[in-house]
Amino acid sequence: MSKLWGGRFTKKPEEWVDEFNASISFDQELVFEDIEGSIAHVTMLKKCDILSATEADQILHGLQTLYQKASDQELEFSVEYEDIHLNLEKLLIDEIGEVGGKLHTGRSRNDQIATDMHLFLKRRVQEIIELITELQEGIILQSEENIETISPGYTHLQRAQPISFAHHLMCYFWMLQRDKERLIDSLKRIDISPLGAGALAGTTFPIDRSYSAEQLGFGSYYENSLDAVSDRDFIVEFLSNSSLLMTHLSRLAEEFILWSTEEFQFIELDDSFTTGSSIMPQKKNPDMAELVRGKTGRVNGNLVSLLTVLKGLPLAYNKDMQEDKEGMFDTVKTVVGSLKIFNGMVRTMTVKQQKMKETVSNDFSNATELADYLAAKGVPFRQAHEIVGKLVLHCIEEGCYLKDVSLERYQQYSPLIEEDIYSILAPYAAVERRNSYGGTGFEQVKKQIKKGKTLLSENVMVNSQ
């Protein structure tokens, strides 16, 4: 069979040119979406009497046969037919004869591919939203187990103040919540049908775009045919949202990598999410966390790549847009895999509560407690800060901590310091007292977890409607 667009040409392209031009090696990922779009299109053509019922039914039967063969992985594609659209049309004609050539009535590959990608991304974004929810549930499970687990809180990667470990974990819950909300909002711009826009100017056939959009489950359809075939904002937005999501996962990966070292020993990752060394028998490497951290770079690269492709394109469709797919497919695969990995790592990791407790008992992360203690007694905070700084310096020189300083020595620095200072300096008390809204105090952390559960419950109800 000759090329489906070949009537105007007198020469066939070289084989290597065909290969360079073809996208079937990757856009076959859209096989189900393409068939579904075609089924909706033919159903609409039948309704509008553009195709006879007999012709439409023949084509629909052929498309359903191709769908089943695709499900059974029985379809074979060829570079000669360039892309998923022409390959499927060729297979349809082989299946049902020349009537299959009427499939493309009132449609262009330009609105066809845009429709495929809207369908594909709508489904994958919904899947990613569900995976984020599962990870949030895992974070809540670990947080509930570690509300009163005291760990060092850091700024500049230096110990700053003791905090609830659950408070630290819940920070990632809220990052993921924002990621999820961005993806949910983006569905409004994904859930739009380009089908019926034609190559760029619509069609002379009396089609019903509203009906075909409804058949595919789209909430609306493009108002402008040029916009319908040239818009890739929805993919850029998805890649941007994914870059931020992966950045958050990468930050958590870095924490897991640090916490699982001999130097920290705050957590131990399950064997299922670690690997060994080919030469050092003792090693337990956090390779899954490292891979997520590394794959963030490729997701960021996919975003920059598409922005660069689009930045100088005139309306409407240009072949450059063939480069919009591989990055999108790769990002979906990377994000889905990373979320699944993290869901497993979070749920199965062992938190070394005693090690954390020992760590905060032998550092100066309680220094702010002493400064606040003096400020509460009327000492200007800047003066209190200086007093505590001198006491810390004294401890460093003496090789001890604030808990080890005698009351007599304390009162040499300030007579306002009394016996109760030792209970104030205890890490548990330091965390418990930080009861401002959103703080690390245990009651506040419980409120966070409760609110998080409520949000997840509301999300489940939304998804089930």
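Not measured: the values here are computed from a predicted model.

Tallying secondary structure elements over the chain gives 19 helices and six strands in all. Taking 465 residues into account, the globule formula puts the C-alpha radius of gyration at 23 Å, and the chain, at 30 Å, lies well above it. With 465 residues in all, the chain has 49% of them scored as buried. Counting only contacts in the chain whose residues sit at least 6 apart along the sequence, the fraction spanning at least 24 positions is 76%. As presented, the chain carries roughly 22,700 Å² of accessible surface, and 50% of it is formed by carbon and sulfur atoms. Of the side-chain charges in the chain, 49 are positive and 71 negative, and the distance between the mean point of each set is 3 Å.

Quick look at the side chain of glutamine 177 now. Within the element layout of this structure, glutamine 177 appears in helix α7 (residues 165–190). Judged by its relative accessible area of 8%, glutamine 177 falls in the buried class. Excluding residues that lie within four positions of it along the chain, glutamine 177 makes contacts with Gln136 and Leu455.

Under the criterion given, the structure shown has 30 salt bridges. Of the charged contacts in the structure, one is a salt bridge between lysine 69 and glutamate 95, with a shortest N-O distance of 3.0 Å. On the criterion of sequence distance, the pair formed by lysine 69 in helix α4 (residues 53–71) and glutamate 95 in helix α5 (residues 84–96) is long-range, its members being 26 residues apart. The partner of aspartate 363 in a salt bridge is arginine 159, with the nearest N and O atoms 3.5 Å apart. In this pair, aspartate 363 sits in the loop between α13 (353–361) and α14 (367–376) while arginine 159 sits in strand β2 (residues 158–164), placing the two residues 204 residues apart along the sequence. You can call aspartate 363 buried: its relative accessible area is 7%.

Turning next to the UniProt feature "domain: Argininosuccinate lyase C-terminal" (unreviewed entry) in the chain. UniProt records the feature "domain: Argininosuccinate lyase C-terminal" (unreviewed entry) at residues 364–432, using the numbering of this structure. The span residues 364–432 is 67% helix and 0% strand, and its two end C-alpha atoms sit 17 Å from each other.

The next subject is helix α3 (residues 31–47). For α3, spanning 17 residues, the distance from its first C-alpha to its last is 24 Å, which sits close to the expected 24 Å at 1.5 Å a residue. Of all 17 residues making up α3, 13 are buried, and the element is well covered by its neighbours. Backbone geometry just after α3 places aspartate 49 at a positive phi near 60 degrees.

Counting residues in hydrophobic clusters, the biggest one holds 75 residues, and the most contacted among them are Leu121, Ile128, Ile139, Leu249, Phe256, Leu339 and Phe342. Taken together, the elements giving at least two residues each to this core come down to α6 (109–145), α7, α9 (225–230), α10 (233–259), α11 (287–310), α12 (325–348), α13 and α19 (442–464). Per-element tally for this core: the top contributor is α10, with 13 residues. Val31, Ala56, Leu63 and Val99 belong to the second-largest nonpolar core, a separate cluster that totals 23 residues.

Pairing analysis gives six bridges linking strand β1 (residues 150–155) to β2, with the strands arranged antiparallel. Note on β2: the bridge partner recorded for tyrosine 154 is arginine 159. Where β1 hands over to β2, the hairpin turn is made up of two residues, of which histidine 156 adopts a positive phi near 55 degrees.

As a further point, take the environment of glutamine 215. Relative to the helices and strands, glutamine 215 is located in helix α8 (residues 209–215). On the basis of relative accessible area, glutamine 215 is assigned to the partly exposed category, the value being 38%. Among all residues touching glutamine 215, those that are not within four sequence positions of it are Ala40 and Thr43.

The next point concerns the packing of aromatic side chains. Taken as a whole and judged by the stated rule, the model has 11 aromatic pairs. Judged by centre distance (5.3 Å) and plane angle (85 degrees), the ring pair of phenylalanine 264 and phenylalanine 266 falls under edge-to-face. Residue classification places phenylalanine 264 among the buried positions, given a relative accessible area of 15%. For phenylalanine 266, a relative accessible area of 3% corresponds to the buried category. Centroid distance phenylalanine 364 to tyrosine 401: 5.3 Å. Interplanar angle 55 degrees. Geometry classified as tilted. Taken together, the residues phenylalanine 364 in the loop between α13 and α14 and tyrosine 401 in the loop between α15 (381–398) and α16 (407–413) connect sequence positions 37 residues apart. Judged by its relative accessible area of 24%, phenylalanine 364 is partly exposed.

Calculation criteria
- Residues numbered from 1 in each chain as written.
- Predicted model: local features only at pLDDT ≥ 70, side-chain atom pairs only at ≥ 80, totals over all residues.
- Heavy atoms only, no water.
- Helix = DSSP H or I, 4+ residues; strand = E, 2+ residues; numbered from the N terminus.
- Rg over C-alpha atoms; globule rule 2.2 N^0.38 Å.
- Buried < 20%, exposed > 50% of the residue type's maximum accessible area, 1.4 Å probe, protein only.
- Contact = heavy atoms within 4.5 Å.
- Areas by Shrake-Rupley, 256 points an atom, 1.4 Å probe, with all protein chains shown as cover.
- Lys, Arg positive; Asp, Glu negative; His and termini not counted.
- Charge placed at Lys NZ, Arg CZ, Asp CG, Glu CD.
- Salt bridge = Lys/Arg side-chain N within 4 Å of Asp/Glu carboxyl O.
- UniProt positions renumbered as here; feature names shortened; annotations may be inferred.
- Expected span 1.5 Å × (residues − 1).
- Core = buried A, V, L, I, M, F, W, Y, C linked by side-chain atoms within 4.5 Å.
- Pairing = 2+ DSSP bridges.
- Phe/Tyr/Trp six-rings, centres within 6.5 Å; stacked < 30°, edge-to-face > 60°.

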